[in-house]
Amino acid sequence: MINPKFKILLADDEPDILDFLSYNLIREGYEVFTSLNGLEAIEMAKKHRPHLILMDVMMPVMDGIEACEQIRSIDTLKNSVIAFLTARSEDYSQIAGFKAGADDYIAKPIKLKVLSNRIKALLKRFNESTYEVVNETLDTRLRIGNLEIDREKYIVIKAGSEMVLPKKEFELLVLLSSKPDKVFTRDRIFSQVWGDDVVVGGRTIDVHIRKLRGKIGSSHIVTIKGVGYKFKE
């Protein structure tokens, strides 16, 4: 039986899908909440602080992309994992989802057993995340060049100005800056930031790197063609 303390919020405008997923996830031991649109999902997330949010992209009132962006701006929800569960498989839709701060993108249709395994993989970070091994070796605050990174508050201070990054961007920054000038391979980044069991698109890292460069400066993150990335002070 799954740890019943894990809370999952489902957001989809099709009641039949919500009923089907809720029934099966509750049987597996999860505490499940549902919403029919993005705006309702935000309110439910604020109220219940779920560990995982499974959200459709196309919904009335407010779509999943905008809802994800707003959820990522709420400090109390910074550790919630967000995955889009949608029939839309176009590349631009996936990119938009990751730009909004999503952790994973799951295409419909998907077999229930496969979805269950994906959920377990996404929830791993709450008890045995490989990323925690990296964090244990770091001070609470990292000061590198003109950047100060507070890994407890999830904030970055650049030249005296404070910014809050989406969860994955922040984790990526902490990983790369943990060892300046060390080249991190793409496989290593996937493993440490997203986890080996989470399946994400090949452009996921590139999208996050591009957004990160736009916020902290393009000179800090160097591309090692065909290998990965490194952080430069």
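That block above? That's the structure.
Below you will find a few notes about this structure. The model shown is predicted, which means the values in this text are computed figures rather than measured ones. (Residues numbered from 1 in each chain as written. Predicted model: local features only at pLDDT ≥ 70, side-chain atom pairs only at ≥ 80, totals over all residues. Heavy atoms only, no water.)

### A look at helix α1 (residues 15–27)
Given a rise of 1.5 Å per residue, 13 residues ought to cover 18 Å, and the 18 Å separating the end C-alpha atoms of α1 matches this to within 8%. Of the residues making up α1, those classed as buried are Leu-18, Leu-21, Ser-22, Asn-24 and Leu-25. Count one or two residues on from α1 and you reach Gly-29, which has phi positive near 105 degrees. (Helix = DSSP H or I, 4+ residues; strand = E, 2+ residues; numbered from the N terminus. Expected span 1.5 Å × (residues − 1). Buried < 20%, exposed > 50% of the residue type's maximum accessible area, 1.4 Å probe, protein only.)

### What to know about the sheet that holds strand β1 (residues 7–11)
Within the open sheet, the five strands sit side by side as β2-β1-β3-β4-β5. Their pairing is parallel. One side of each edge strand has no neighbouring strand; the edge strands of this open sheet are β2 (31–35) and β5 (104–107). In this sheet, adjacent strand axes meet at a mean angle of 20 degrees when their direction is disregarded. As paired strands, β1 and strand β3 (residues 52–55) are joined by four bridges and run parallel to one another. By the bridge assignment, Ala-11 is partnered in β3 with Met-55. (Pairing = 2+ DSSP bridges. Axes fitted to C-alpha atoms, helices over the stretch in contact; angles between N-to-C directions.)

### Structural notes on helix α9 (residues 204–216)
The terminal C-alpha atoms of α9, which comprises 13 residues, lie 19 Å apart, in line with the 18 Å expected from a rise of 1.5 Å per residue. Looking at α9, one finds that the buried residues are Thr-204, Ile-205, Val-207, His-208, Ile-209, Leu-212 and Ile-216. Residue Gly-217 follows α9 closely and has a positive phi angle near 110 degrees.

### What about the environment of Val-81?
In this structure, Val-81 sits in strand β4 (residues 81–86). Exposure remark for Val-81: the relative accessible area of 0% places this residue in the buried category. The spatial distance from the C-alpha of Val-81 to the C-alpha of Asp-104 is 8.4 Å, given a sequence separation of 23 residues.

### So, the packing of aromatic side chains
Applying the stated criterion to the full structure yields one aromatic pair. Between Phe-84 and Tyr-105 the ring centres are 6.3 Å apart and the planes differ by 55 degrees, which places this aromatic pair in the tilted class. Pair noted here: Phe-84 is in strand β4 and Tyr-105 is in strand β5, with a separation of 21 residues, a long-range link. Residue class for Tyr-105 comes out buried when judged on its relative accessible area of 8%. One Lys or Arg, Lys-182, reaches over the ring of Phe-184 and ends 5.5 Å from the middle of that ring. (Phe/Tyr/Trp six-rings, centres within 6.5 Å; stacked < 30°, edge-to-face > 60°. Lys NZ or Arg CZ within 6 Å of the ring centre and 35° of its normal.)

### Description of the packing of helix α7 (residues 167–177) against helix α8 (residues 186–194)
Direction vectors running N to C along α7 and α8 enclose 125 degrees, while the axes themselves pass 10 Å from each other. It follows from the interaxial angle that α7 and α8 lie oblique. Between α7 and α8 lies a crossing of right-handed hand. Contact residues: Lys-168, Glu-171, Leu-172, Leu-175 and Leu-176 in α7; Ile-189, Gln-192, Val-193 and Trp-194 in α8. For the contact of α7 with α8, the per-class residue count stands at six nonpolar, one polar and two charged. (Parallel < 35°, antiparallel > 145°, perpendicular 65-115°, else oblique. Left-handed = near helix turned anticlockwise from the far one by under 90°. Contact = heavy atoms within 4.5 Å. Nonpolar A, V, L, I, M, F, W, Y, C, P; charged D, E, K, R; others polar.)

### A look at the pairing of β2
Pairing geometry for β1 and β2, over five bridges, is parallel. Counterpart to Lys-7 in the pairing with β2 is Glu-31. Where the polypeptide runs from β1 across α1 and back to β2, its parallel neighbour, the crossover connection is right-handed. (Right-handed = clockwise from strand over helix to strand, strands pointing away.)

### Let's talk about the packing of helix α2 (residues 38–48) against helix α3 (residues 64–72)
At a minimum axis distance of 9 Å, the contact between α2 and α3 shows a crossing angle of 25 degrees. Between α2 and α3, the angle falls in the class roughly parallel. Crossing angle aside, the handedness with which α2 passes α3 is right-handed. Residues Gly-38, Ile-42 and Ala-45 of α2 pack against Ala-67, Gln-70 and Ile-71 of α3. When the residues that make up the contact of α2 with α3 are grouped by side-chain class, the tally is four nonpolar, two polar and no charged.

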